[in-house]
Amino acid sequence: MHLPRTLPLSLPTFSRRTLATHLPSGGPLGTHASFPVSATPSEFTITPRNGFLPLHDPLTTLPPRYAALESLLTRMPLTRMDTHQPGLLATGDFGPAVKDELPLYDVSSETDPRVLTALFRDYTFAASAYLLEPCDLHNRQRGQVAGGGDGTYGLGRSVLPKNLAVPMVQVAAKLGAKPFMEYAQSYALYNYARVDAGKGLEYDNLKLIRAFSGMESEHGFILVHVAMVAHTGAQVAATVNALNAAAAHDRAAFNTHLIAMRTALQHINAQMETMWRHSSPADYLKFRTFIMGTKNQPMFPRGVVYEGVSDQPTFYRGESGANDSIVPTLDNFLAVTENMPENALTEILRDFRSYRPENHTLWLQWVEERAKTLGVRQFALADPNSAVLYLSLLDQLREFRARHWNFTKQYILKHTRHPTATGGSPIVTWLPNQLSVVLSAMTQTATAIGNNTTSSASPLTTENRHLAQELLENAATQQRILDREVRELKLRFEHQDEADTDWSRAEVAAQA
Ligand code: HEM
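Overview of the structure. Since this is a predicted model, take the numbers as computed values, not measurements.

**Topic: the overall build of the protein**
So, step 1. Each helix and strand counted, the protein has 19 helices and seven strands in total.
So, step 2. Within the protein, buried positions represent 59% of all 512 residues.
So, step 3. Of all intrachain contacts in the protein linking residues separated by at least 6 positions in sequence, the fraction that spans at least 24 positions is 79%.
So, step 4. Working note: accessible area of the protein is about 20500 Å², and carbon and sulfur atoms make up 53% of it.

Pasting the structure below:
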């Protein structure tokens, strides 16, 4: 990682005037906060305009000097997006085509962040398609439980050829990324274009650049993420402003910015709900194979060797929404992360935080540290009405994670017995680990609000008292249901209490 520099909030891409009116003046703890930014220029630079999306819309095509790679990616999907005819993956011909057609491109002189990010997206798409093509064939023939299969994927290819491995590793190093498909810089957040360049980033104005399957549900799955992240400029601004207000002990401003944060989260959660209609639960496993990782996956019991790079096998987590920054930002701001239990599942959460653009990692670390140093939770709980706003933000986290758990049950668990998610986490226990932490933080907060009988400059309004009581009851009910579901599901899925299963041993045991 390069030495970070500090980014003043007023970036060239963001109007200074607009920002200035959003920031409170410096308080007792002094200056406005500014968060650190990577020394290397990056498309993934956070501002209150673009939030966690790139600064500019992604490059849709590679420069003409990479024509062979562009051509392979166009012909790659199970159903091609241009002709709607079966593509190379449909017949298992992608791997041979990579070997026959792809030159070993020299990317060493590339410096433009947009070209580098587009190359990273495209090499990682091609690498995942190459490694997982046999698993997709296997899964289509006899994988899906709903279709009478056994839910398995067989084995992936264990060597990545040098015409993919060498340039991908070089481009990744230039971006400070891991050389594997990533949620932000490849699959989701660098994979959208506007249908009408003059319009905004609403779902209906988005189209995909790259795809594995080309089916409508894959389009919907990816672009719902993008449409959600399009609201994160407001989340970023509210987070910085609320931290500054806490530093200045400015209660009124703090409450105003918590409300702005909640509004941003409500938009994000409402957008998330549209997943049901944009991407069918019955289709998910038809395109999910290609976003699996090589770490903690039975398809890669001995990892993958990158030819021309090293003889040592590599193990990388697959693409996952777990590498999105909306939830970790809120977890860190509300001090939820620091109250995660010390267990193997929380280790995975920490590990996921390194699978993202350097600026997103720096931002998350900064929010966590700043919220801890300023005592944001304590500051919120010191006033009953701030405390209810804090509780309602916890409730937004709960809503996100509860909906997400429903997705996992409907899109995945119903259709497979595969024990790990695309990011390599145990499928039945990892998500409930975090949902439980939020539910218990809600219970503690609501109880603290109810017990706070000290006279206050702003006594709890009747409306807020009722809201706290209602959220407390909801959290208790949800925890009971979740505990029962996990108990039952653990009977159906193996290895759910392990962060890292040794699949080479499991493979030997299965063959014995
Ligand atoms: C059909 C829809 C979805 C399904 C089936 C799904 C599935 C999963 C699974 C199985 C995980 C576990 C981590 C792993 O991959 O190993 C995960 C994590 C995660 N996903 Fe999704 N996901 C969906 C949509 C979304 C969307 C739209 C977002 C929005 C950004 C998102 C954000 C996250 C986050 C933040 C985590 C980490 C959760 C936590 O910290 O508790 N997911 N997802």
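**Here's the deal with helix α2 (residues 67-75)**
So, step 1. Within the span of α2, buried status applies to Ala68, Leu69, Glu70, Leu72 and Leu73.
So, step 2. Lining the buried residues of α2 we find α3 (94-101) and α4 (113-142).

**Digging into the packing of aromatic side chains**
Here a ring pair, both rings aromatic, is described through the centre-centre distance and the interplanar angle of the planes.
So, step 1. Per the stated rule, a full pass over the model turns up 21 aromatic pairs.
So, step 2. Ring plane angle 85 degrees and centroid distance 5.0 Å describe the contact between Phe35 and Trp363, whose orientation is recorded as edge-to-face. You can see Phe35 sitting in strand β2 (residues 35-37) and its partner Trp363 sitting in helix α14 (residues 358-374), a full 328 residues away along the chain. Take Phe35 and Trp363: they sit in the same class, and that class is buried.
So, step 3. Among the aromatic side chains, those forming a connected cluster through ring pairs are Phe221, Trp276, Tyr284, Phe287, Phe407 and Tyr411.
So, step 4. Looking at Arg251, its charged tip hangs above the ring of Phe379, at a distance of 3.9 Å from the centre.
So, step 5. Sitting over the ring of Phe352, Arg317 keeps its end group 5.2 Å from the ring centre.

**A short note on the environment of Val376**
So, step 1. Along the polypeptide, Val376 turns up in helix α15 (residues 376-381).
So, step 2. Residue contacts for Val376: discarding those within four places in its chain leaves Leu243, Ala246, Phe254, Phe333 and Ala371.

**Some details on the site of the ligand**
So, step 1. Neighbouring residues of the ligand: 29 residues in total, closest Ser320, Arg401, His404, Ser425 and Gln434.
So, step 2. Arg401 places a side-chain nitrogen or oxygen 2.7 Å from an oxygen atom of the ligand.
So, step 3. Residue Gln434 places a side-chain N or O atom 3.0 Å away from an oxygen atom belonging to the ligand.
So, step 4. Judged by its atoms lying within 2 Å of the grid points, the ligand is housed in the largest cavity.
So, step 5. If you list the elements that add at least two residues to the shell around the ligand, you get α7 (216-229), α13 (344-352), α16 (384-413) and α17 (430-451).

**Things to note about the layout of surface pockets**
So, step 1. By volume, the second largest pocket is sized at about 160 Å³.
So, step 2. Lining the second largest pocket we find twelve residues, and of these Gly176, Ala177, Lys178, Ser354 and Arg356 sit closest to its centre.
So, step 3. Each residue belonging to the lining of the second largest pocket can be placed in one class, and the counts come to five nonpolar, three polar and four charged.

**Focus on the packing of α16 against helix α18 (residues 462-489)**
So, step 1. With their axes 11 Å apart at the nearest point, α16 and α18 run at an angle of 25 degrees to one another. On the basis of their axis angle, the class for α16 and α18 is roughly parallel. Where α16 crosses over α18, the two elements pack in a sense that is left-handed. Between α16 and α18, the contacting residues are Asn385, Val388, Leu391, Ser392, Asp395, Arg398, Ala402, Trp405, Lys409 and Leu413 on the first element and Asn464, Leu467, Ala468, Leu471, Gln478, Leu482, Glu485, Val486 and Leu489 on the second.

Rules used throughout
Residues numbered from 1 in each chain as written. Predicted model: local features only at pLDDT ≥ 70, side-chain atom pairs only at ≥ 80, totals over all residues. Heavy atoms only, no water. Helix = DSSP H or I, 4+ residues; strand = E, 2+ residues; numbered from the N terminus. Buried < 20%, exposed > 50% of the residue type's maximum accessible area, 1.4 Å probe, protein only. Contact = heavy atoms within 4.5 Å. Areas by Shrake-Rupley, 256 points an atom, 1.4 Å probe, with all protein chains shown as cover. Phe/Tyr/Trp six-rings, centres within 6.5 Å; stacked < 30°, edge-to-face > 60°. Lys NZ or Arg CZ within 6 Å of the ring centre and 35° of its normal. Near = heavy atom within 4 Å. Polar contact = N/O pair within 3.5 Å; in protein donor to acceptor, adjacent residues only side chain to side chain. 1 Å grid on protein atoms, 1.4 Å probe; cavity = no way out; pocket = protein on both sides within 12 Å on 5 of 7 lines; lining within 4 Å. Sits in = over half its atoms within 2 Å of the grid points. Points joined across faces, edges and corners; volume = space filled by probe spheres on them. Nonpolar A, V, L, I, M, F, W, Y, C, P; charged D, E, K, R; others polar. Axes fitted to C-alpha atoms, helices over the stretch in contact; angles between N-to-C directions. Parallel < 35°, antiparallel > 145°, perpendicular 65-115°, else oblique. Left-handed = near helix turned anticlockwise from the far one by under 90°.

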